[in-house]
Amino acid sequence: MDLVPSLDEPLKKTLGGTTAKVMAEHLDLHTVGDLLHHYPRRYAERGELTQLADLPLDEHATVVAQVADARVLRFNNGKGQRLEVTLTDGSGRLQLVFFGKSLYHHQKELLPGRKGMFSGKVGVFRNIRQLSHPAYEMLGKDAGEDAVAAWANQLIPLYPACAQMESWKIAKTVDLVLASMDATQWSEIVDPLPDALREGRGLVPLPEAFRKIHRPRTKAEIADARDRLKWDEAFVLQVALARRRFAETQLPAVARRPSPDGLLDAFDATLPFTLTDGQQKVSKEIFDDLATEHPMHRLLQGEVGSGKTMVALRAMLAVVDAGGQGAMLAPTEVLAQQHHRSITEMMGELAEGGMLGGSSLGTKVVLLTGSMGMPARRQALLDLVTGEAGLVIGTHALIEDKVQFHDLGLVVVDEQHRFGVEQRDALRSKGKQPPHLLVMTATPIPRTVAMTVFGDLETSVLDQLPAGRSPIATHVVPAKDKPHFLARAWERVREEVENGHQAYVVCPRIGDGEDEPKKKSKKAAEEAEDPEKRPPLAVLEIADQLRTGPLSGLRVEVLHGRMQPDDKDDVMRRFSAGEVDVLVATTVIEVGVNVPNATAMVIMDADRFGVSQLHQLRGRVGRGSAPGLCLLVSEMHEASPARARLAAVAATLDGFELSRIDLEQRREGDVLGQAQSGVRSSLRVLAVIEDEEVIAAAREEAVKIVAADPELERLPELRTALDALLDKDREEYLDKG
């Protein structure tokens, strides 16, 4: 958040071109404001030595430690020399090694008894942890006893760093910037928090927060700074979202009320089951929104298999009843085809409006994807523009210029991808007035994450499973430690097939050798022994192994994203019809695929998937009356974090609990979609899961402020901060929620 001209100043003016270039290229820091918002990751206390015994291998680490001894050793028959330095902290030892002409310079610096900061990639040599040619800075080199006592209790900020710019070099640049900011410049910094709010909550002013986060004298000062900076992040983000919600309420829309004894009632009368209480409650929320004259903007989230598609279909039928059209946007062709198939099956003759044998109350349901043949595509476009088709299910092909609607009333987005503002506007522009919007997510999201990521949407939650859904038993299969467990897994798949059921086998990669360079045989052999280094298991290889090995004689087929759309659809159709026993697939089956007869799933290299993704995949089984079985195959060691994740998935079917675990283990930037958008997260100190109270309070304050002053005319400082947060990239990024 670059707040004022003094913070907008390029770093090269203060730090010089070379340093500024490194910071821009490797840390994405360009201005004084960027640097001041690059907060320390943690703080070391001088004299408090890092636990060397716990240093992670193969990671770039910074340690504060003491030199125990240093010696020059000869090797290669005396031709070569190396300096070996041993560091200690009481818990363990770490070796530094230097080669070449500079080692005598290092020997003069690295004297036994001296303390320093050392940075490098942690390796291992002869079972000893080692930093080779680390960067370092000695502490208190010329200090007498009084000076040592003075710096011994200081807090050393350790910054997120990189090999080209170590933590202490970043600290020096921050010192330069802080020293160059005179009292006038500090006083000119625009504070995004209104004075009344800041004072009412006892938060320190922004310049003080910068000083305390970067150069704290005590741990209490760090806490003061973090409390303040968390509020900045939460509040400015919530104001942006509150303004978006407010703007939505100002747009006009056509109220869509279902007609009595119309299509919706006819559909409900054909249902062979009763809607759950949750489905009825959520449907009422949606129907109430559809009946208003401004666009609905609602997020529908729920457990795997909770019946979101049914709720969305009933909403679309209500809109068709009211003379409009409903469009469902799916992220993949497989899913669009699956939705189209299941919706037409659920509707029966009601999906054959205008066709021989179709119901007089019915409408036409069309599919529109990028790979459709020209005649079918032309007919679908004609059905949409004439209004013959009340419902369309499609991929991004729906957004193209050629697609015109008779009267688009509701857009349903199956939110497995992030649906950007451009697409939303493109679809919205196809309505005579802005259509209503319903975003579905199959990943249960904790309340505060929903408030932060989807804060401009009203939220409905489906947390009940429909009657008739069967329990799913989940077990971890430790393939490396206990290979007979994997053999038993394939026996279980055979047993399910012999009992008339079907199974999925999921792999992380497609395979066929094209997407992997050929490895040198020795390296390949080493990597095959190490599950962390070898490539993920692949669909094509595993399918071949199963056909000729443990599942020989069964009808095994593959499904993945590189297949032609017609081939994918053919495989899914045959699997749904029971003509395929085992489907070996990538995560294309993760969402929306509904085959009630599939009762077993084996997920290979399960540790390569996230917790929420495993929960999604597992939801493909147990969809009928027979109980489901999900086997998570892993070669990771039992004590590894990856195995702990798998144990968590096996222990609970509660998707909301699992999503909390998943998000606690991930960086906040990923929570806000950083990985998808490539935009650096604006969250640096706010933790979405931990800081629930701050987010909830910030949302309350933001709603009050925007209701009283939507354009923020009385709060120009907040407006400036908002403009800085929402530069073009970040605005798109926020809109993708």
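Residues numbered from 1 in each chain as written. Predicted model: local features only at pLDDT ≥ 70, side-chain atom pairs only at ≥ 80, totals over all residues. Heavy atoms only, no water.

### Let's talk about the sheet that holds strand β18 (residues 556-559)
What counts is decided by this rule: At least two DSSP bridges between two strands are required for those strands to pair. Secondary structure elements are taken from DSSP: a helix is a run of H or I of four residues or more, a strand is a run of E of two residues or more, and numbering for both begins at the N terminus. The axes are straight lines fitted to the C-alpha atoms, using for helices just the contacting stretch, and the angles between their N-to-C directions are given from 0 to 180°. Here, residues are in contact when the closest pair of their heavy atoms is within 4.5 Å.
Across the sheet, six strands lie side by side as β16-β21-β20-β17-β19-β18; this open sheet has parallel pairing. Two strands lie at the open edges of the sheet, namely β16 (472-478) and β18, each paired on one side alone. If you compare each strand with its neighbour and ignore which way they point, the axes differ by 20° on average. Lying over the sheet, helix α21 (residues 539-548) contacts β17 (502-506), β18 and β19 (582-585), oriented at roughly 175° with respect to β18. The strands that helix α23 (residues 611-618) touches are β16, β17, β20 (598-603) and β21 (628-634); relative to β20, the one it contacts most, it runs at about 150°.

### A short note on the sheet that holds strand β12 (residues 389-394)
Across the sheet, seven strands lie side by side as β11-β12-β10-β13-β14-β9-β15; this open sheet has parallel pairing. One side of each edge strand has no neighbouring strand; the edge strands of this open sheet are β11 (364-368) and β15 (458-462). Taken over all neighbouring pairs, the strand axes of this sheet differ in orientation by 20° on average, direction set aside. Bridge count for strand β10 (residues 325-329) against strand β13 (residues 408-414) is five bridges, and the pairing is parallel. Looking across to β13, one finds that Met328 is bridged to Val412. Sheet strands in contact with helix α15 (residues 333-347) are β10, β11, β12 and β13, and its direction is about 170° off that of β11.

### Looking at the packing of α23 against helix α25 (residues 655-664)
Selection rule: Each angle receives one of four descriptions, namely roughly parallel if under 35 degrees, roughly antiparallel if over 145, roughly perpendicular if within 65 to 115, and oblique otherwise. Under the grouping applied here, Gly and all other residues not named as nonpolar or charged are polar, the nonpolar ones being Ala, Val, Leu, Ile, Met, Phe, Trp, Tyr, Cys and Pro and the charged ones Asp, Glu, Lys and Arg.
It is at 8 Å that the axes of α23 and α25 come closest, and there the two elements cross at 150°. As the angle between them shows, α23 and α25 are arranged roughly antiparallel. Along the contact surface, α23 presents Val611, Ser612, His615 and Arg618, while α25 presents Gly655, Leu658, Ser659 and Asp662. Of the residues in the contact of α23 with α25, the class split is two nonpolar, four polar and two charged.

### Quick word on the environment of Val412
Take Val412: it is sitting in strand β13. Separated by 103 residues in the primary sequence, Val412 and Thr309 place their C-alpha atoms 9.8 Å from one another. Once residues lying within four places of it in the same chain are set aside, the contact partners of Val412 are Ala312, Met316, Ala327, Met328, Leu329, Leu438 and Met440.

### Here's the deal with the side chain of His38
Rules: Partly exposed residues are those whose accessible area sits between 20% and 50% of the maximum for their type, while under 20% is buried and over 50% is exposed, using a 1.4 Å probe and protein chains only. Each polar contact in these results corresponds to two N or O atoms within 3.5 Å; when the atoms are within protein, one needs to be able to donate a hydrogen and the other to accept it, and residues that are neighboring in sequence are counted only if both atoms are side-chain atoms.
Here His38 lies in the loop between α4 (32-36) and β1 (42-45). Under the relative-accessibility criterion, His38 is labelled buried at 11%. A polar atom in the side chain of His38 sits 2.9 Å from the backbone oxygen of Pro160. In this structure, His38 is in contact with Leu29, Tyr159, Pro160, Ile170 and His214, ignoring residues within four places of it in sequence.

### Regarding unusual backbone geometry
If a residue is not glycine, its phi is most likely negative; likewise, a peptide bond is most likely trans. Even without being a glycine, Asp28 presents a positive backbone phi close to 60°. Its location among the elements puts Asp28 in the loop between α3 (17-27) and α4.

### Regarding the pattern of salt bridges
As a reminder, the rule being used: We define a salt bridge as a side-chain nitrogen of Lys or Arg found within 4 Å of a carboxyl oxygen belonging to Asp or Glu.
Applying the stated rule across the entire model yields 40 salt bridges. Its salt-bridge partner being Arg198, residue Glu199 comes within 3.9 Å of it at the nearest N-O pair. A residue is classified by how much of its surface remains accessible, and Glu199, at 55% relative accessible area, is exposed. A salt bridge links Glu557 to Arg574; its shortest N-O distance comes to 3.2 Å. Highlighted residues: Glu557 in strand β18 and Arg574 in helix α22 (residues 565-576), separated in sequence by 17 residues. For Glu557, a relative accessible area of 25% corresponds to the partly exposed category. By sharing partners, the salt bridges in this structure join Asp191, Arg198, Glu199, Arg228 and Asp232 into a single network.

### Examining the environment of Gln338
Its place among the elements puts Gln338 in helix α15. In this structure the C-alpha to C-alpha distance between Gln338 and Asp569, which are 231 residues apart in sequence, comes to 8.4 Å.

### Some details on helix α7 (residues 167-180)
Residues that lie three or four places apart on an α-helix share one face, since the helix turns once every 3.6 residues. Just so we agree on the cut-off: One fewer than the residue count of a helix, multiplied by 1.5 Å, yields its expected span.
Spanning 14 residues, α7 covers 20 Å between terminal C-alpha atoms, matching the ideal 20 Å at 1.5 Å per step. If you check which residues of α7 are buried, you get Ser167, Trp168, Ile170, Ala171, Thr173, Val174, Val177 and Leu178.

### Quick notes on the packing of aromatic side chains
The cut-off we apply is this: By convention, a stacked pair of Phe, Tyr or Trp rings (six-membered ring in the case of Trp) has centres within 6.5 Å and planes under 30 degrees apart, an edge-to-face pair has planes over 60 apart, and any other such pair is tilted.
Applying the stated criterion to the full structure yields five aromatic pairs. Summarising the aromatic geometry, the rings of Tyr504 and Phe575 are spaced 5.1 Å apart at their centres and angled 55° between planes, so their arrangement reads as tilted. One end of the pair, Tyr504, is in strand β17; the other, Phe575, is in helix α22, and 71 residues separate them in sequence. Given the relative accessible area of 1%, Tyr504 is considered buried. One aromatic cluster in this structure is built from Phe98, Phe118 and Tyr136.

### Some points on the pairing of β19
Applicable threshold: Look down the strands so they point away from you; if the path from the first strand over the helix to the second goes clockwise, the crossover is right-handed.
Of the two faces of β19, the one lined by Val582 and Val584 and the one lined by Leu583 and Ala585 are each fully buried. With four bridges connecting them, β17 and β19 associate as parallel partners. Directly across from Val505, in β19, lies its bridge partner Val584. Here β18 pairs with β19 via four bridges, running parallel. Of the residues in β19, the one forming a bridge with Val558 is Val584. Once you follow β18 into α22 and on to β19, the crossover reads as right-handed.

### Some words on the nonpolar core
So the rule is basically this: What we call a nonpolar core is a set of buried Ala, Val, Leu, Ile, Met, Phe, Trp, Tyr and Cys residues that are connected through their side-chain atoms within 4.5 Å.
Ranked by internal contacts, the top residues of the largest apolar core, which has 39 residues, are Ile343, Met347, Leu391 and Leu410. Elements that contribute at least two residues to this core include exactly α12 (263-270), α13 (277-290), α14 (308-321), α15, β11, β12, β13 and β14 (436-441). By residue number, the principal contributor to this core is α14, which donates ten residues. Ala20, Leu35, Cys162 and Ile222 belong to the second largest nonpolar core, which has 33 residues in total.

### Considerations on α23
In terms of residue burial, α23 counts as a mostly covered element, since seven of its eight residues are buried. Among the residues of α23, Val611, Ser612, Leu614, His615, Gln616, Leu617 and Arg618 are the ones counted as buried. Tucked inside the fold, the buried residues of α23 contact β16, β17, β20, β21, α24 (641-651) and α25.

### Section: the side chain of Gln130
For Gln130, the position within the fold is in strand β6 (residues 128-132). There is a polar contact of 2.9 Å between the side chain of Gln130 and the side chain of Gln95. Other than its neighbours up to four places away in sequence, Gln130 contacts Leu94, Gln95, Val97, Lys121, Val122, Gly123 and Phe125.

### Re the pairing of β17
With five of its five residues buried, β17 lies for the most part within the structure. Residues Gln502, Tyr504 and Val506 line one face of β17 and the alternating positions Ala503 and Val505 line the opposite face, and both faces are buried.

### Topic: the packing of α13 against α14
The description of two helices packed together rests on the angle between their axes and the distance between the axes. Applicable threshold: Put simply, a crossing is left-handed when the front helix is turned counterclockwise from the back one by less than a right angle, and right-handed when it is turned clockwise.
Direction vectors running N to C along α13 and α14 enclose 30°, while the axes themselves pass 10 Å from each other. Between α13 and α14 lies a crossing whose hand is right-handed. In contact with Gln279, Val282, Ser283, Ile286, Phe287 and Leu290 of α13, α14 contributes Met310, Val311, Arg314, Ala315, Ala318 and Val319. Tallied by class, residues from the contact of α13 with α14 come to nine nonpolar, two polar and one charged.

### Some thoughts on the confidence of the model for the chain
So the rule is basically this: Predictor confidence is given residue by residue as pLDDT, running from a minimum of 0 to a maximum of 100.
Per-chain confidence: the chain averages 82 in pLDDT, with 84% of residues scoring 70 or above. When the criterion is pLDDT under 50, residues 147-152 qualifies, and its contacts beyond four places in sequence or with other chains add up to seven contacts. Contacts from residues 667-681, a stretch scored under 50 in pLDDT, to residues over four places away or in other chains number 36 contacts.

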